[in-house]
Amino acid sequence: MGFSDLTVIDFDTIELHNITSQCYKASQIGMTKVDALAQVCKEFSEIDIKPVNSSDLYRPTPIIISCVDNMDLRLQLIDMCQSDQIVIEWRMSWVAFEIRTFETTAMNKKIYKEEQWFPQSEVEAPPCTEKSVAFNTFHISSIIWQLVRSIVTWYEYNWFISWDLLNELRFTSQPFS
């Protein structure tokens, strides 16, 4: 795709239950997820991942892929974004997922806060050890890769994708035109 470096922000560490569903090694338990990811990527590619595990180290980047599993942290991430950044955000349940992309203009941040965000207390998250989590995550990551390519190549970024894997239903639109 033409890039050789990637900044990854995550404040979480690897726990035993992450090994079965998140492509980490048992030897990486206790490491920060970003440091472990950088290690794994270096083994398989030339991509240089710059791990960030503190909000103090955050530097603006053109595209942000939000993989945060906490709604309150998602809102903080959106608030940190500057108006020319593009966010790819996804959410999933046991058998369905949604992916949305948008430019972080003041208007889109307002729409996100009013229509897409809800408090962490209302989240019904599947456990990381649920069998479908790994399958969904790989499926989602392949779609996100295609979205990044679309953004970089054609600068098309206003997407909303909803996929119900149980009922084989897919919906795609452009909500922030």
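This text follows the structure it describes.
Draft legend 1. View of helix H1 (residues 33-44). Look at H1: 17 Å from first C-alpha to last across 12 residues, which is about the 16 Å you get at 1.5 Å a residue. Here H1 has its buried residues at Lys33, Val34, Ala36, Ala38 and Val40.

Draft legend 2. Structural detail: the packing of helix H2 (residues 71-80) against helix H3 (residues 106-116). At a minimum axis distance of 10 Å, the contact between H2 and H3 shows a crossing angle of 165°. Comparing their axes, H3 and H2 come out roughly antiparallel. For the element pair H2 and H3, the recorded crossing hand is left-handed. On the side of H2, the interface is formed by Met71, Arg74, Leu75, Ile78 and Asp79, while H3 contributes Lys109, Tyr112, Lys113 and Gln116.

Draft legend 3. Broad picture of the nonpolar core. Core analysis: the largest hydrophobic core is formed by 14 residues, its most contacted members being Ile88, Ile99, Ile143 and Ile144. Those elements that place two or more of their residues in this core are strand E4 (86-92), strand E5 (96-103), helix H4 (131-154) and strand E6 (160-164). Element by element, the count of residues in this core is highest for H4, at 6 residues. With residues near it in sequence (within four places) discarded, Ile88 still touches Ile63, Ile64, Ile65, Ser66, Ile99, Arg100, Thr101, Ile144, Leu147, Val148 and Ile151. Leu75, Ile78, Phe102 and Tyr112 belong to the second-largest nonpolar core, a separate cluster that totals 8 residues.

Draft legend 4. Local environment of H3. Along H3, the residues that are buried comprise Asn108, Lys109, Ile111, Tyr112 and Gln116. Taken end-on, H3 shows its buried residues confined to a sector of 160°, consistent with a single buried face. In this structure, H3 carries Ala106, Met107 and Glu114 as exposed residues pointing more than 90 degrees from its buried face. Where H3 is buried, its residues touch H2, E4 and E5.

Draft legend 5. Looking closely at the packing of aromatic side chains. For the structure shown, the criterion picks out 2 aromatic pairs. With 5.8 Å between their ring centres and 35° between their planes, Phe97 and Trp163 make a pair best called tilted. Taken as a pair, Phe97 in strand E5 and Trp163 in strand E6 lie far apart in primary sequence, 66 residues in all. Neither residue differs from the other here; Phe97 and Trp163 are each classed as buried.

Draft legend 6. Looking closely at the pairing of E4. The buried fraction of E4 amounts to 6 of the 7 residues, a majority that puts the element mostly inside the structure. The pairing of strand E3 (residues 63-66) with E4 spans 4 bridges and is parallel. Along E4, the bridge assignment pairs Ile64 with Val87. What joins E3 to E4 is H2, and the crossover it makes is right-handed. When E4 meets E5, the two strands line up antiparallel, connected through 7 bridges.

Draft legend 7. Quick peek at the pattern of salt bridges. Applying the stated criterion across every chain, the model contains 8 salt bridges. For Glu89, the salt bridge identified is with Arg91, shortest N-O distance 3.4 Å. A single burial state applies to Glu89 and to Arg91, both of which are buried. The salt bridge involving Arg100 is made with Glu98; its shortest N-O contact spans 2.9 Å.

Analysis parameters
- Residues numbered from 1 in each chain as written.
- Predicted model: local features only at pLDDT ≥ 70, side-chain atom pairs only at ≥ 80, totals over all residues.
- Heavy atoms only, no water.
- Helix = DSSP H or I, 4+ residues; strand = E, 2+ residues; numbered from the N terminus.
- Expected span 1.5 Å × (residues − 1).
- Buried < 20%, exposed > 50% of the residue type's maximum accessible area, 1.4 Å probe, protein only.
- Axes fitted to C-alpha atoms, helices over the stretch in contact; angles between N-to-C directions.
- Parallel < 35°, antiparallel > 145°, perpendicular 65-115°, else oblique.
- Left-handed = near helix turned anticlockwise from the far one by under 90°.
- Contact = heavy atoms within 4.5 Å.
- Core = buried A, V, L, I, M, F, W, Y, C linked by side-chain atoms within 4.5 Å.
- Arc of directions from axis to C-beta.
- Phe/Tyr/Trp six-rings, centres within 6.5 Å; stacked < 30°, edge-to-face > 60°.
- Pairing = 2+ DSSP bridges.
- Right-handed = clockwise from strand over helix to strand, strands pointing away.
- Salt bridge = Lys/Arg side-chain N within 4 Å of Asp/Glu carboxyl O.

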